[in-house]
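# Notes for the structure review
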Number of protein chains: 2
Amino acid sequence: MSDIKRFEDQQAAFLPGFICDLTQCCVSTQWGLILSEATKPAQPTYAYQQIAGEIEAQILRGDLKPGDQLPGEAQLASTFGVTRSTLREGLRQLESDGLLHRPSPRRMEVAVPQADQLTSRSGRAMALMKVTFRELWQVTMVTEPLAARLATQHGTEDEINALQATHGALVAAEGQMARTIALDEEYHTQIAEIGRNRVLGLAREPIALLLFRGFEQIAPFAPRFYKRQIEAHSNVIAAIRDRDVDRAEKWARMHIEDFWRGAQIAGLEDKIALVPGSLSSSNPTGEARK
Amino acid sequence: MSDIKRFEDQQAAFLPGFICDLTQCCVSTQWGLILSEATKPAQPTYAYQQIAGEIEAQILRGDLKPGDQLPGEAQLASTFGVTRSTLREGLRQLESDGLLHRPSPRRMEVAVPQADQLTSRSGRAMALMKVTFRELWQVTMVTEPLAARLATQHGTEDEINALQATHGALVAAEGQMARTIALDEEYHTQIAEIGRNRVLGLAREPIALLLFRGFEQIAPFAPRFYKRQIEAHSNVIAAIRDRDVDRAEKWARMHIEDFWRGAQIAGLEDKIALVPGSLSSSNPTGEARK
DNA sequence: AGTGTTTTATTGTCGGACATTAAGCGGTTT
DNA sequence: AAACCGCTTAATGTCCGACAATAAAACACT
């Protein structure tokens, strides 16, 4: 009796028209889940992928806005016409895509992808690609000066003071390798954030993270290295304060150039940058990042 | 009778020591699945997350190398001491992380994260962040000249010819908007690849993709625009051929600068760059990307 | 050997089950 | 009345067992 129906469902689950069929069941849900007909998959598409794709489309399209809470798994499952197990696989995918956030197990909401996430993902990818310090440095040579330039244009008094504070902490952390690296990263990230260019922020973060981790391997070889870095930092901050765009950019460039000299002394040039122990621990000040 | 055992298992699944407990069962598998004790999660960690984390760690650590095939789900599940359903959720997560690739449903193998993947992810993130053309342009102003510079240093005869071919196709595609954009992207990507800097390639791709999509909105406003772009392309190629590093960089910069002028005329400056219809269709030549 | 056919093992999906626990609810306390 | 607390409820994480579809392997056949 119910065997026939179930068989048809099985069939539907393997047919391309699956989504369309489901449309019938979905138009009347509480958040107006309209399944998009735009998606035209070439490969065999499994139910869990379709579900993930569908929800993703709705988020991208704006039907579901960041912060919106999703209904329970049971309801979602019945809405899409699949079992909880299947739906769950789709959710896990979206979860690791960073499109869904999960403040508590009982609450699953739409989230804007955070920079951190992309950062760690890119960082991991670069580590797996075994990129060299040279590659990292070449790119950093253009990103950091740009960041400094933008920061000079947009920095508010408060922001510059905060930057100065970080720099102060860095100076105070002399000798503590881990803390030094964390604060150095923080300093550069802060400058990028002051520049108010999210694209630059997104692009440079994973790169800088990997590159500056090399500090650890450079320090033993170059005694003066640390001092010169500090000096350059100061000069960049001063230039930002003076609103001297070119000077800020110039010092930033010199700063990175100098880093490269250190790397050369340490023989890192074509060495592979290692993925740091925990990529996510880039929160030295302990402040909660909104 | 078996109730007691099951209860203990349940407990274990919720306890932090889960991984360690499992270690006992795993040391003797065929690929030497040693569960790492390094992972120290603070939040409540669910089994499927631990599994995903564990496999990820093994890949990152190099225990599992790209191309390695994973055992079947059943075996994996029993290895980790969870059900297939649970294991599957973990796999889905890794799958969308791009760490696992799936050439056929019967074959799940370790994969190096492909640039495309990261690209589309970053592109999506930027779209959700509603980044403006200005932000994209500011970064592109430094990435493309760098790409041109590196390409000049590393380009082989063949590569330059291939680049020239793409350019030729672009010229021939006059009037066909979609194809023009695709080939323009291809041209820029090719230059970046010639430069042999994977970091730059990773960083610039999603940005360039979004920025150059603006061409569509600019074209109607600036009749000469298309021609000037073509000219700049030619000049960059010529400079690369002549191994004139500075000239290549200069023309690349002028090219992007000019693009901005077009964007200004079209009034795009602080408009939000839209996520293109399908981010993954950046394969104009139809060649399979290894 | 090359090719077509049958087995087999694995996958995608299903439905139901249960312990655990976050969240909502009503009652109590100050 | 507002704040606090235990209880109920509902939803989650996990498990089990099952079945159709199918890719890969084993086999048979010419």
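Please read these numbers as outputs of a predicted model, since none were measured by experiment.

As a further point, take the relation of the copies chain B and chain A. It takes a turn of 180° to lay chain B on chain A, together with a shift of 0.0 Å along the axis; the resulting RMSD is 0.1 Å. In symmetry terms, the pair is related by a two-fold rotation axis. A shared binding surface is used by both copies, with 100% of the interface residues of chain B retained as interface residues in chain A.

Another aspect to go through is the protein's contact with DNA strand C. Looking at DNA strand C, there are 19 residues lining it, with Ala47, Thr86 and Arg106 of chain A together with Arg88 and Arg102 of chain B nearest. Looking at DNA strand C alone, sugar and phosphate atoms form 64% of those within 4 Å of the protein. Thr86 of chain A has a polar side-chain atom sitting 2.6 Å from a phosphate oxygen of DNA strand C. Take Arg88 of chain B: an N or O atom from its side chain is 2.3 Å from a phosphate oxygen of DNA strand C. Elements represented by at least two residues in the surface near DNA strand C include exactly α3 (47–61) and α5 (84–97) of chain A together with α5 (84–97) of chain B. When residues in the surface near DNA strand C are grouped by element, the largest group, 3 residues, is from α5 of chain A. Tallied by class, the residues present in the surface near DNA strand C amount to 6 nonpolar, 6 polar and 7 charged.

In this section: the pattern of salt bridges. For the structure shown, the criterion picks out 50 salt bridges over all chains. Glu205 of chain A serves as the salt-bridge partner of Arg204 of chain A, at 3.6 Å between the closest nitrogen and oxygen. Its relative accessible area of 1% is what places Arg204 of chain A among the buried residues. Residues Arg247 of chain A and Asp242 of chain A are paired through a salt bridge, measuring 3.2 Å at the closest nitrogen-oxygen approach. What emerges from the salt-bridge pattern is a single network uniting Glu73, Arg84, Arg88, Arg92, Glu95 and Arg102 of chain A together with Glu89 of chain B.

Here the focus is empty space enclosed by the protein. Scanning the model with the defined rule gives 12 cavities of 30 Å³ or more in all. For the largest cavity, the calculated volume is near 170 Å³. Every element with two or more residues in the lining of the largest cavity is listed here: α6 (115–129) and α10 (198–212) of chain A together with α6 (115–129) and α10 (198–212) of chain B. Across the lining of the largest cavity, the residue classes tally to 14 nonpolar, 3 polar and no charged.

A word on the interface of chain B and chain A. The interface is formed by 44 residues belonging to chain B together with 44 residues belonging to chain A. Between chain B and chain A, roughly 4,400 Å² of surface is buried when both sides are summed, and carbon and sulfur atoms account for 65% of that area. In terms of surface lost to chain A, no three residues of chain B exceed Arg124, Arg198 and Val199 of chain B, which account for 15% of the buried area on that side. Summed over the shared surface of chain B and chain A, the number is 12 salt bridges. Notably, a salt bridge pairs Asp97 of chain B with Arg124 of chain A, separated by 3.7 Å at the nearest N-O pair. Counting across the interface, chain B meets chain A through 27 residue pairs in polar contact (both at pLDDT 80 or more).

To continue, consider the side chain of Thr119 of chain A. Residue and element names in this part refer to chain A. Take Thr119: it is sitting in helix α6. Exposure remark for Thr119: the relative accessible area of 7% places this residue in the buried category. With residues up to four places along the chain from it excluded, the contact list for Thr119 reads Glu205, Pro206 and Leu209.

All names here are of chain B. Orientation of α6 relative to α10, taken along the N-to-C sense of each, is 50°, at an axis distance of 9 Å. Between α6 and α10, the crossing angle belongs to the class labelled oblique. Along this stretch, α6 crosses α10, giving a crossing that reads as right-handed. Facing α6, whose interface residues are Ala115, Leu118, Thr119, Ser122, Gly123 and Met126, α10 presents Leu202, Glu205, Pro206, Ile207, Leu209 and Leu210.

What follows covers the protein's contact with DNA strand D. Taken together, 20 residues form the shell around DNA strand D, and within it Arg88 and Arg102 of chain A together with Ala47, Thr86 and Arg106 of chain B come nearest. Within 4 Å of the protein, atoms of DNA strand D come from sugar and phosphate in 61% of cases. In the model, a phosphate oxygen of DNA strand D is placed 2.2 Å from a nitrogen or oxygen of the Ala47 of chain B main chain. One of the side-chain N or O atoms of Ser85 of chain B is found 3.3 Å from a base nitrogen in DNA strand D. At the level of secondary structure, the elements contributing two or more residues to the surface near DNA strand D comprise α1 (2–14) and α5 of chain A together with α3 (47–61) and α5 of chain B. When residues of the surface near DNA strand D are assigned to their parent elements, the largest contribution, 3 residues, is made by α5 of chain B. Here the residues of the surface near DNA strand D are counted per class, giving 6 nonpolar, 7 polar and 7 charged.

Remark: α10 of chain A packs on helix α7 (residues 133–154) of chain B, axes separated minimally by 7 Å, with the N-to-C direction vectors making an angle of 45°. Considering the angle they form, α10 of chain A stands oblique to α7 of chain B. Residues Arg198, Val199 and Leu200 of chain A of α10 of chain A lie in contact with α7 of chain B, whose contacting residues are Glu135, Leu136 and Val139 of chain B. Split into classes, the residues belonging to the contact of α10 of chain A with α7 of chain B amount to 4 nonpolar, no polar and 2 charged.

Criteria and cut-off values
Residues numbered from 1 in each chain as written. Chains lettered and ligands numbered in written order. Predicted model: local features only at pLDDT ≥ 70, side-chain atom pairs only at ≥ 80, totals over all residues. Heavy atoms only, no water. Least-squares fit on C-alpha atoms with pLDDT ≥ 70 in both. Contact = heavy atoms within 4.5 Å. Near = heavy atom within 4 Å. Polar contact = N/O pair within 3.5 Å; in protein donor to acceptor, adjacent residues only side chain to side chain. Helix = DSSP H or I, 4+ residues; strand = E, 2+ residues; numbered from the N terminus. Nonpolar A, V, L, I, M, F, W, Y, C, P; charged D, E, K, R; others polar. Salt bridge = Lys/Arg side-chain N within 4 Å of Asp/Glu carboxyl O. Buried < 20%, exposed > 50% of the residue type's maximum accessible area, 1.4 Å probe, protein only. 1 Å grid on protein atoms, 1.4 Å probe; cavity = no way out; pocket = protein on both sides within 12 Å on 5 of 7 lines; lining within 4 Å. Points joined across faces, edges and corners; volume = space filled by probe spheres on them. Buried area = accessible area lost by both parts, 1.4 Å probe. Axes fitted to C-alpha atoms, helices over the stretch in contact; angles between N-to-C directions. Parallel < 35°, antiparallel > 145°, perpendicular 65-115°, else oblique. Left-handed = near helix turned anticlockwise from the far one by under 90°.

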